[in-house]
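Structural description and commentary
Residues per chain, in single letters:
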Amino acid sequence: MFPALHRTPQRPALRFGDTTLTYGELATAAGALVRRLAGVRRVAVWATPEPETAVAVVAGLLAGVAVVPVNPRTGERELTHIAGDSAPEAVLAAAGAELPAGLAGLTRLDVALTGDAEAPRAAVDPETPAFVVYTSGTTGPPKGVVLSHRAVTATLDDLAEVWGWSDADTVVHALPLFHVHGLILGVLGPLRRGGTVRHLGRFSPEGVTEAFADGGTVLFGVPTMYHRLAERLADDPELVKALAGARLLVSGSAALPLRDHRLLTAATGRRVVERYGMTETLMNTSVLPGDPDGAGTVGVPLPSVRARLVDDAGSPLEAADAETVGEIEVRGPNLFSGYLNRPDATEAAFRDGWFRTGDMAVRDAAGRYRIVGRRATDLIKSGGYKIGAGEIENALLEHPAVAEAAVTGEPDDDLGERIVAWIVPAGEPPAPQELADHVARTLAPHKRPRAVRFLAELPRNDMGKVMKRSLGG
Ligand code: MLC
Ligand code: AMP
């Protein structure tokens with residue numbers, strides 16, 4: 001997975017704030033943990049935006065132990081579910097990190113940034129699970145997506161080919177390290193190439209400017225981040241200079257609106273390259289850098305990925321007219337191995353060996369896909385996070401002041417979509433902030449409603465089903 005650990009020990013691998021680790025230092029720090037992981041099958045990683053997370057994940061992969069990255073802000077209920085479902089034998093966390101009660105039963109292994117052990121050189125079987133990453137569905141608690149070493153290396157090598165990604169690149173980002181985008185693309189990607197990761201800790205236009213003034217070459221971000229950069233360009237010549245000097249600007253996890261594409265290109269002369277992926281599939285398509293007509297599309301399938309559009313009956317649509325809408329289905333070595341403990345859900349996700357993404361798209365004559373919507377209205381993309389309406393509704397219904405709840409996503413310039421809770425109160429309406437805090441505490445802060453609207457009753461059809469479209473969802 002990481003040839004540079006042994007090949008170029010002097011080169012910088014990780015830079016988080018003032019902390020830098022070379023490949024040699026990463027190898028010895030991870031090597032020390034590998035020894036302690038003997039006999040472990042699955043390990044949770046307390047995924048703070050710190051170098052310890054990268055060391056812990058590298059150690060897990062070298063040891064052939066499946067890593068379950070945990071959002072350190074996960075609320076009680078979600079954490080109980082993740083820990084119970086994935087049943088890790090141990091948790092890796094930076095020394096001194098305070099862990100919540102939900103992880104208290106696990107053996108704790110402290111991660112240090114120094115060590116004295118050689119990293120193992122033996123190859124891990126490609127079908128070995130590398131990760132279990134939790135992702136929301138329309139209903140129920142999040143599902144654990146099992147990703148093999150094969151899927152991870154296939155996707156990273158495809159991206160390297162298409163983007164000309166090499167050991168000369170320093171990838172700058174501020175993405176969370178418990179999802180595919182920030183962890184697999186943003187940390188493992190540079191490490192597989194032998195280049196450098198520069199993590200900003202938290203996103204800010206100033207941080208981006210500084211990182212590019214100091215050797216950054218590639219920027220990864222979700223559309224919310226690019227939107228915030230776009231809004232700043234008119235008054236910030238240093239930011240313009242930083243982005244204009246980047247080798248590659250990549251956006252993904254949600255659609256980057258054309259308006260932001262245009263603002264960024266007009267100010268910097270650079271085109272933002274969009275790629276399209278999913279936790280279950282890793283990366284499927286990318287705009288080719290240099291394609292002058294790629295904005296507004298997610299580009300073409302990656303070299304080892306096959307993609308198609310199908311109609312409602314599952315029949316392939318051959319049209320390349322940029323008009324005929326179908327669901328995207330994909331197959332290739334990038335695909336996950338299944339949902340953990342959910343053979344039913346795994347089976348339902350495939351049709352004849354093709355993975356059904358749920359994303360609706362058109363294809364143009366050049367083979368580029370343009371996403372036009374989603375099959376499920378109950379999935380919300382906010383800030384690049386996928387969030388199921390059902391899990392938020394269930395959490396809201398547990399609040400004593402809530403009699404009925406429905407959750408929708410509304411367009412939002414900054415977040416893409418914002419979560420709106422429609423509430424029939426049980427008596428005196430609660431303060432909106434109280435409901436937001438309740439969801440943040442139970443599930444996670446990014447799942448909290450950004451607006452709460454009170455109703456006397458929810459609009460329902462004859463079957464009693466809430467008509468979300470009449471709520472605007
Ligand atoms: C706010 N906070 C609360 C709270 N309200 N905490 C507890 N209770 C409450 N009620 C805290 C937050 O934790 C956070 O803390 C701060 O307040 C601000 O939070 P926020 O308002 O949610 O941040 P926001 O501005 O909305 O964040 C925007 C963002 C973020 C872009 C930075 O959405 C983000 O990082 N998105 C990336 C998502 C991502 O990586 N998706 C990839 C999925 S993989 P503090 O301390 O931070 O201030 C995938 C596949 C693919 O999709 O294709 O890539
Ligand atoms: P997740 O399940 O969090 O991995 O999110 C995957 C979903 O994000 C996909 O099914 C798409 O709906 C969406 N997505 C990812 N990248 C893009 C993109 N570039 N444009 C539009 N949607 C995207």
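Keep in mind that what you see is a predicted model, and the values were worked out from it rather than measured.

**Quick word on the packing of helix 3 (residues 51–63) against helix 6 (residues 180–193)**
At a minimum axis distance of 11 Å, the contact between helix 3 and helix 6 shows a crossing angle of 75 degrees. As far as their axial angle goes, helix 6 and helix 3 are roughly perpendicular. Taken together, the residues of helix 6 that come into contact with helix 3 (itself represented by Ala54, Val57, Val58 and Leu61) are Leu183, Val187, Leu188 and Leu191. A per-class count over the contact of helix 3 with helix 6 returns eight nonpolar, no polar and no charged.

**Overview of the pairing of strand 22 (residues 369–374)**
Bridge analysis of strand 21 (residues 354–363) against strand 22 gives five bridges, and the strand direction is antiparallel. For Asp359, the partnering residue across the bridge sits in strand 22 and is Arg374. Adjacent in sequence and paired antiparallel, strand 21 and strand 22 are bridged by five residues, among which Gly367 carries a positive phi angle near 85 degrees.

**Some points on the site of ligand 1**
In the neighbourhood of ligand 1, 25 residues make up the surrounding shell, with Arg73, Arg202, Ser253, Arg275 and Asp437 lying closest. Contacts to ligand 1 include Ser253, whose side-chain N or O atom sits 2.6 Å from an oxygen atom. Within the backbone of Gly277, an N or O atom sits 3.3 Å from an oxygen atom of ligand 1. Of all elements in the fold, only helix 8 (223–232), strand 13 (272–278) and helix 13 (432–442) reach the threshold of two or more residues within the shell around ligand 1. Class assignment of the residues belonging to the shell around ligand 1 gives a composition of 10 nonpolar, seven polar and eight charged.

**What to know about the pattern of salt bridges**
Per the counting criterion, the structure on display carries 30 salt bridges. Its salt-bridge partner being Glu327, residue Arg375 comes within 2.8 Å of it at the nearest N-O pair. Here Arg375, found in the loop between strand 22 and strand 23 (379–382), pairs with Glu327, found in strand 18 (residues 326–331); they are 48 residues apart in sequence, far enough to count as distant. Residue classification places Arg375 among the partly exposed positions, given a relative accessible area of 41%. Overall, the relative accessible area of 2% leaves Glu327 in the buried class. Residues Lys447 and Glu391 are paired through a salt bridge, measuring 3.0 Å at the closest nitrogen-oxygen approach. Here Glu391 lies in helix 12 (residues 389–397) and Lys447 lies in the loop between helix 13 and strand 27 (451–454), a separation of 56 residues in the sequence. Taking relative accessible area as the criterion, Lys447 reaches 3% and is therefore assigned buried.

Here is what the cut-offs are and how they apply
- Residue indices begin from 1 for each chain and proceed along its sequence in written order.
- Chains and ligands are labelled by the order in which they are written, letters from A for the one and numbers from 1 for the other.
- Per-residue local features of the predicted model are confined to residues with pLDDT of at least 70, and side-chain atom pairs are confined, for both listing and counting, to 80 or more; whole-chain, interface and lining totals are unaffected and use all residues.
- Excluded from the side-chain calculations are hydrogens and water; all other atoms, namely the structure's heavy atoms, are used.
- Note on geometry: axes are C-alpha line fits, over the in-contact stretch for helices, and angles between N-to-C directions span 0 to 180 degrees.
- Where helices and strands are cited, they refer to DSSP runs of H or I of at least four residues and of E of at least two residues respectively, numbered from the N terminus.
- By definition in this entry, angles of less than 35 degrees are roughly parallel, angles greater than 145 are roughly antiparallel, angles of 65 to 115 are roughly perpendicular, and the rest are oblique.
- Residue contacts are defined here by distance: any two heavy atoms, one from each residue, within 4.5 Å place the two residues in contact.
- Residue polarity follows a fixed list, in which Ala, Val, Leu, Ile, Met, Phe, Trp, Tyr, Cys and Pro are nonpolar, Asp, Glu, Lys and Arg are charged, and the others, Gly among them, are polar.
- Strand pairing is defined by DSSP finding a minimum of two bridges between the two strands.
- Residues are labelled near a given molecule or strand when at least one of their non-hydrogen atoms is within 4 Å of it.
- Here a polar contact is recorded for every N or O atom pair within 3.5 Å, except that within protein the pair must consist of a potential hydrogen donor and a potential acceptor, and residues adjacent in sequence are included only if both atoms are side-chain atoms.
- Salt bridge, as used here, is a side-chain nitrogen of Lys or Arg placed within 4 Å of a carboxyl oxygen of Asp or Glu.
- Burial classes follow relative accessibility: with a 1.4 Å probe on protein chains only, a residue under 20% of its type's maximum area counts as buried, one over 50% as exposed, and anything between as partly exposed.

Don't take any of this as a statement about function, it's just geometry.
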